[in-house]
Amino acid sequence: MDIKANSLYQEMQAMISQAQLPVHEAPNIVKQPESEFGAMLKNALEGVNDAQMQSRNMQKRFEMGDPSLSLAEVMIAKEKSSIAFEATLQVRNKLLDAYKTISNMPV
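Residues numbered from 1 in each chain as written. Predicted model: local features only at pLDDT ≥ 70, side-chain atom pairs only at ≥ 80, totals over all residues. Heavy atoms only, no water.

## Notes on the overall build of the protein
- Along the protein, the regular secondary structure elements total three helices and zero strands.
- The order of α-helices and β-strands along the protein, N terminus first, is α-α-α.
- Scored against the burial criterion, the 107 residues of the protein give a buried share of 9%.
- Accessible surface, the protein as shown: approximately 9,400 Å² in total, 61% of it carbon and sulfur. (Helix = DSSP H or I, 4+ residues; strand = E, 2+ residues; numbered from the N terminus. Buried < 20%, exposed > 50% of the residue type's maximum accessible area, 1.4 Å probe, protein only. Areas by Shrake-Rupley, 256 points an atom, 1.4 Å probe, with all protein chains shown as cover.)

If you want it as structure tokens, here you go:
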């Protein structure tokens, strides 16, 4: 799973700086197009899928006796794909909980 650590860190720093603004100042809120969120979500899911496909491919190659792969490499790839899938599942669960909470709010 390819995680953009620098951009994530920059976003977190921007959030921290906005949270530390004095009360009388309103933060500049830039509305990002919805397509960016959709693209980000799609890229994340494709990254998880790629990690799983790579892991499955390495497992098959190892089982067929590929001498260029070690058991450790195969197990690491399998664990990486498992962790990526579990993280994606947890994010999905949190998004669903947030949606349910928002939909149950009185108007």
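Having seen the model, we can carry on.
## A look at the side chain of Ser81
- Locating Ser81 in the fold gives a position in helix α3 (residues 71-103).
- Once residues within four sequence positions are removed from consideration, Ser81 is found in contact with Ala51, Gln52 and Ser55. (Contact = heavy atoms within 4.5 Å.)

## Concerning the confidence of the model for the protein
- When pLDDT is averaged across the protein, the result is 81; 72% of the residues are at 70 or more.
- Least confident of the elements in the protein is helix α1 (residues 5-19), whose mean pLDDT is 68; most confident is α3, at 93. (pLDDT = per-residue confidence, 0-100.)

## Examining the pattern of salt bridges
- Counting across every chain of the model gives two salt bridges.
- We note a salt bridge from Arg61 to Asp66, for which the minimum N-O separation is 2.9 Å. (Salt bridge = Lys/Arg side-chain N within 4 Å of Asp/Glu carboxyl O.)

## Side note on the environment of Val74
- Assignment of secondary structure puts Val74 in helix α3.
- The spacing of Val74 and Arg61 is 13 residues in sequence and 9.3 Å in space, taken between C-alpha atoms.
- With sequence-adjacent residues up to four places away left out, Val74 is seen in contact with Met58, Gln59, Phe62 and Leu69.

## Thoughts on α3
- With 33 residues, α3 extends 48 Å between its outermost C-alpha atoms, agreeing within 8% with the 48 Å of an ideal straight helix rising 1.5 Å per residue.
- Inspection of α3 places Val74, Ala77, Ser81 and Ala84 among the buried residues, and these make up the whole buried set. (Expected span 1.5 Å × (residues − 1).)

## A few points about a nonpolar patch on the surface
- A contiguous nonpolar patch, built from Phe37, Met40, Leu41, Leu45, Val91 and Leu95 and spanning about 560 Å² of accessible area, is present on the exposed surface.
- Residue assignment for the nonpolar patch shows that the elements contributing at least two residues are α2 (34-63) and α3.
- Looking at the nonpolar patch, the element that brings in the most residues is α2, giving four residues.
- In this structure Leu95 comes out as partly exposed when scored by relative accessible area, which is 44%. (Patch = residues over 30% accessible without salt bridge, like charges linked within 9 Å, V, L, I, M, F, W, Y side chains within 5 Å.)

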